[in-house]
Amino acid sequence: MRFRYAMVCSSNQNRSMEAHFLLKRQGLDVASYGTGSHVKLPGPSAREPNVYDFGTPYKQMFDELRRKDPELYKRNGILQMLKRNLNVKLAPQRWQDNAADGVFDVVMTFEEKVFDSVLEDLNNREQSLMKTILVMNLEVKDNHEEAAIGGRLALELCQEIEGNETWEDTIDDIVAGFEKQQRRKLVYSISFY
């Protein structure tokens with residue numbers, strides 16, 4: 001393993017966790033995070049989401065939702081998603097609170113506002129190491145089907161990056177090749193620790 005990866009979405013539930021699961025299964029050094037103020041999961045209606053604090057164990061969410069309405073949360077895929085998540089890590093973590101987790105080489109986000117939040121947070125941190133970090137955004141809708149596709153694409157992209165000695169020299173070619181092959185736009189920026 002050459003590089004350390006972070007997968008980031010809003011709530012550290014669906015898109016980032018699908019990618020985390022796939023990268024971890026392939027032996028890459030990966031962590032995942034959310035950038036929202038709370039963790040939100042669909043509820044009985046759009047106006048009634050289930051809201052949790054970051055750090056609430058996935059198992060606790062799973063047990064609560066299974067008690068509330070097992071049919072609803074099974075039908076909408078939330079219980080299956082939480083079961084996958086609790087087999088990957090204990091609880092959702094917030095990107096802005098991750099400084100103690102060490103540095104990453106590559107951060108992959110799945111939504112433009114998350115990409116902006118990660119860059120803003122990195123720019124507000126003390127940049128004493130002057131170590132480069134690649135922050136990329138692959139736009140992925142927040143549903144189970146798109147998260148599965150986005151996770152596979154994130155894995156493919158990270159494996160391509162992993163196959164190089166340094167990403168700094170090859171990132172333009174990697175992005176151009178990915179965009180051509182997948183017909184999906186990638187946005188990226190370079191920041192520092």
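Residues numbered from 1 in each chain as written. Predicted model: local features only at pLDDT ≥ 70, side-chain atom pairs only at ≥ 80, totals over all residues. Heavy atoms only, no water.

Engineer: Let's hear about the sheet that holds strand β5 (residues 106-109): which residues, and what values?
Structural biologist: Taking strand neighbours across the sheet as the criterion, the five strands line up as β2-β1-β5-β6-β7 in an open arrangement whose pairing is mixed. Across the chains shown, the open sheet's two edge strands, defined by having one partner strand only, are β2 (29-34) and β7 (186-192). This sheet shows a mean twist of 20° between the axes of neighbouring strands, independent of strand direction. As paired elements, β5 and strand β6 (residues 132-138) share four bridges and run parallel to each other. Bridge assignment links Thr109 to a residue of β6, and that residue is Asn137. Sheet strands touched by helix α6 (residues 144-162): β1 (4-9), β5, β6 and β7. Its angle to β6, the strand with the most contacts, is close to 150°. (Pairing = 2+ DSSP bridges. Helix = DSSP H or I, 4+ residues; strand = E, 2+ residues; numbered from the N terminus. Axes fitted to C-alpha atoms, helices over the stretch in contact; angles between N-to-C directions. Contact = heavy atoms within 4.5 Å.)

Engineer: How would you sum up the layout of surface pockets? Please name residues and give values.
Structural biologist: Here the largest pocket defines a volume of roughly 330 Å³. Forming the boundary of the largest pocket are 18 residues, of which Ser11, Asn14, Lys40, Pro42 and Asp142 lie nearest the centre. Sorting the residues of the lining of the largest pocket by element identifies β3 (39-41) and α4 (78-86) as the ones contributing at least two each. Classifying every residue of the lining of the largest pocket gives six nonpolar, seven polar and five charged. Counting only domains with at least three residues in the lining of the largest pocket, you end up with domain 1 (2-35 + 93-190) and domain 2 (37-86). (1 Å grid on protein atoms, 1.4 Å probe; cavity = no way out; pocket = protein on both sides within 12 Å on 5 of 7 lines; lining within 4 Å. Points joined across faces, edges and corners; volume = space filled by probe spheres on them. Nonpolar A, V, L, I, M, F, W, Y, C, P; charged D, E, K, R; others polar. Domains from an automatic or database assignment.)

Engineer: Outline the nonpolar core, listing residues and values.
Structural biologist: Tyr5, Met7, Leu23, Met108, Met136, Leu157 and Ile161 are the most contacted members of the largest nonpolar core, which has 27 residues in total. Not counting residues within four places of it along the chain, the set of residues in contact with Met136 comprises Val107, Met108, Thr109, Phe115, Leu157, Ile161, Ile171, Val175, Leu186, Val187 and Tyr188. With 16 residues, the next largest nonpolar core counts Tyr52, Phe54, Leu72 and Ile78 among its residues. (Core = buried A, V, L, I, M, F, W, Y, C linked by side-chain atoms within 4.5 Å. Buried < 20%, exposed > 50% of the residue type's maximum accessible area, 1.4 Å probe, protein only.)

Engineer: Tell me about the packing of aromatic side chains, and name the residues and values.
Structural biologist: One pass over the structure, following the stated rule, counts three aromatic pairs. Note on Tyr33 and Trp95: the rings are 5.6 Å apart at their centroids and 80° apart in plane angle, and the pair reads as edge-to-face. Of this pair, Tyr33 sits in strand β2 while Trp95 sits in the loop between α4 and β5; the two residues are 62 residues apart in sequence, bridging distant segments of the chain. The same class applies to Tyr33 as to Trp95, namely buried. (Phe/Tyr/Trp six-rings, centres within 6.5 Å; stacked < 30°, edge-to-face > 60°.)

Engineer: Before we move on, can you summarise the pattern of salt bridges with the specific residues and values?
Structural biologist: Counted under the stated rule, the structure contains 13 salt bridges. Glu111 is the partner of Arg15 in a salt bridge, and the nearest nitrogen-oxygen pair spans 2.9 Å. Separated by 96 residues along the polypeptide, Arg15 in helix α1 (residues 15-25) and Glu111 in the loop between β5 and α5 (112-124) bring together distant segments of the chain. When the shortest N-O distance is used, the salt bridge between Glu111 and Lys113 registers 4.0 Å. The network of salt bridges with shared partners includes Arg15, Glu111, Lys113 and Asp142. (Salt bridge = Lys/Arg side-chain N within 4 Å of Asp/Glu carboxyl O.)

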